[in-house]
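Descriptive analysis of the structure
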Amino acid sequence: MNQEPTQLPPHALSPLEWTSELQEWNRQITEAPYRSYLYSYPHKTAYRELDPPYSLQSLWSKEQLDSYFLYMHIPFCAARCGFCNLFTLPDKRADVHKEYVDALERQARQWAPIMSGRPFSRFAIGGGTPTLLAPEQLERLFDIAENVMGLNPAQASISVETSPDTVTPERLEILKRRGTDRVSMGIQSFIEAESAAIYRPQKPALVRQALDMLTDYQFPLLNVDLIYGLPGQTVESWLYSVEQALSYEPGEIFLYPLYVRENTILKPGQTGLEQDIRLQLYRAAVDRLEAAGYTQYSMRRFAREFHSSKELLPYSCQEEGMAGLGCGARSYTQDVHYASRYGVSTAATRSIIADYVAAERYDNADYGFALNEQERKRRFVLKAILHREGLELSDYHQRFGTSPLDDLPDLHHLIWTGLAEMVVSSYSTSEYDSGSVDSSTISTKVLRLTREGLAYSDSIGDWLISPEVYALMESYVGQ
């Protein structure tokens with residue numbers, strides 16, 4: 001596929017041509033680049049009670065995908081980091097973990113017939129810290145995936161999250177033997193004082209020991225997470241952590257800006273930074289990673305070229321057909337997103353997990369969000385435009401029968417201000433039909449964020465939230 005910029009109207013305007021409205025819009029986007037992290041849409045704080053509940057059998061019978069995404073959520077961790085607002089519970093007790101995995105298996109046995117025998121093209125275990133589980137419980141998760149849900153590890157990409165303090169040979173042996181392709185480890189910083197400032201007591205020696213072990217096991221893809229904007233962090237100290245990560249030659253690096261919210265341990269105004277230098281830190285890291293041969297795929301993801309040795313099944317980039325097992329996991333069908341109730345505080349999280357473990361039935365969706373056509377369109381745009389591949393207009397038209405620029409005309413703002421560009425992608429027919437006798441080229445238009453636009457992905461994503469979803473998010477009362 002070739003992509004070349006093209007002068008398709010409307011094109012980027014010079015600042016002198018901007019209207020006052022466009023100037024104000026650009027100011028709002030660029031002056032607050034880190035308004036929120038929209039990793040899914042609608043956001044979980046927009047979920048509410050579904051009355052009446054949806055039968056999962058009815059929901060999934062309508063799905064037309066050839067394969068699904070299987071996700072398991074393990075909500076336990078050793079300690080809550082100062083920036084974390086995820087559904088996690090600091091709890092190391094083995095008996096609690098076993099009861100939870102027992103419940104997850106009951107849920108899987110009820111869900112397996114509902115999935116209609118369709119295969120899974122991806123399998124991920126996240127948290128929390130899945131590798132906090134004892135090895136025998138970690139092994140059970142793979143058994144449940146394969147023996148109950150029908151996962152074929154030879155056809156699915158498998159990803160597992162871990163942490164430096166839970167990396168052991170016994171656990172890594174399990175991950176390796178069960179066909180794990182990607183191991184992701186949150187490091188955040190290689191500087192002890194910076195880690196301590198976000199309530200993450202972590203010795204750099206332990207981090208290096210874990211990375212050495214992961215490298216020795218030669219997983220196909222190693223990912224490391226780093227955070228910029230930490231209390232006391234400078235450009236120099238940030239690039240030190242980047243360099244340390246690069247020394248292990250991971251196939252993938254995720255860079256996250258520090259977010260602090262009212263429901264996190266580290267509160268707004270407590271970061272100790274006299275000025276917000278996150279954008280400066282981001283730009284410095286982007287330059288360094290590009291020089292090291294990494295391609296930027298989103299504001300957060302940087303990766304080297306990777307080819308799996310497996311014959312992987314295809315999967316929709318829109319992340320529909322996602323079945324989430326475990327308390328805190330979200331599931332996505334085309335029309336309804338659902339999950340267990342959401343909480344952040346220890347008391348709320350513990351209560352929700354207790355209800356999940358005690359439940360006998362898991363075959364109804366009673367908490368989530370039903371997407372109408374307008375919200376499905378926004379989701380499609382958001383999931384495409386915030387990634388390097390961009391929004392292919394023909395894909396949107398094929399699904400909805402309209403143009404995204406007609407349905408969401410404010411998308412023109414991105415082009416006029418240079419935060420996005422319209423490009424023409426050219427495909428050979430052989431890429432679509434290997435049996436084609438006559439070779440020809442198909443061209444399609446793609447709306448794609450520019451390098452500068454990627455830097456403002458969080459504010460652009462926040463801007464694309466519908467007023468209805470925003471109202472629900474604003475009215476959400478945290479627990």
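Attention here is on the structure that accompanies the text. The residue numbering used here restarts from 1 in each chain and proceeds along that chain's sequence as written. The model is predicted, so local features are restricted to residues of pLDDT at least 70 and side-chain atom pairs to those at 80 or more, both for listing and for counting; the totals for chains, interfaces and linings are taken over all residues. Values shown for side chains rest on all heavy atoms present in the structure; no hydrogens or waters enter the calculation.

**Examining the pattern of salt bridges**
Each reported salt bridge corresponds to a side-chain nitrogen of Lys or Arg within 4 Å of a carboxyl oxygen of Asp or Glu. The final tally for this structure, using the stated rule, is 28 salt bridges. Between E24 and R27 there is a salt bridge, with its nearest N and O atoms 2.6 Å apart. With a gap of three residues between them, E24 and R27 both fall in helix α1 (residues 20–31), about one helical turn apart. For every residue, the accessible area obtained with a 1.4 Å probe (protein chains only) is divided by the maximum for its type, and the residue is called buried under 20%, exposed over 50%, and partly exposed between those limits. Owing to a relative accessible area of 35%, R27 belongs among the partly exposed residues under this scheme. A salt bridge links E452 to R283; the nearest nitrogen and oxygen atoms lie 3.0 Å apart. Placement of the pair is E452 in helix α15 (residues 451–455) and R283 in helix α9 (residues 278–291), with a sequence separation of 169 residues. Residue R283 is classed as partly exposed on the basis of its relative accessible area of 30%. Each helix corresponds to a stretch of at least 4 residues labelled H or I by DSSP, and each strand to a stretch of at least 2 residues labelled E; elements are numbered beginning at the N terminus.

**What to know about the packing of aromatic side chains**
Ring geometry is summarised as follows: Phe, Tyr and Trp rings, the Trp one being its six-membered ring, pair when their centres sit within 6.5 Å, and such pairs are stacked at plane angles under 30 degrees, edge-to-face over 60 and tilted between the two. For the structure shown, the criterion picks out 19 aromatic pairs. Both rings, one in F76 and one in Y100, keep their centres 5.3 Å apart while their planes meet at 80 degrees; by these two values the pair is edge-to-face. Placement of F76 in strand β4 (residues 76–77) and of Y100 in helix α3 (residues 94–111) is noted, with a sequence separation of 24 residues between them. Comparing F76 with Y100 shows no difference in burial state: the two are buried.

**What to know about the packing of α3 against helix α4 (residues 135–148)**
The N-to-C vectors of α3 and α4 enclose an angle of 5 degrees; their axes lie 10 Å apart at closest approach. Of the possible angle classes, the one that applies to α3 and α4 is roughly parallel. On α4, the residues touching K98, V101, D102, L104, E105, A108 and R109 of α3 are Q137, R140, L141, I144 and V148. The nonpolar class holds Ala, Val, Leu, Ile, Met, Phe, Trp, Tyr, Cys and Pro. Asp, Glu, Lys and Arg form the charged class, and all remaining residues, Gly among them, are polar. By residue class, the composition of the contact of α3 with α4 is six nonpolar, one polar and five charged. Note on geometry: axes are C-alpha line fits, over the in-contact stretch for helices, and angles between N-to-C directions span 0 to 180 degrees. Every angle not falling under 35 degrees, over 145, or within 65 to 115 is termed oblique; those three ranges are roughly parallel, roughly antiparallel and roughly perpendicular. Whether two residues are in contact is decided by their heavy atoms: any pair within 4.5 Å suffices.

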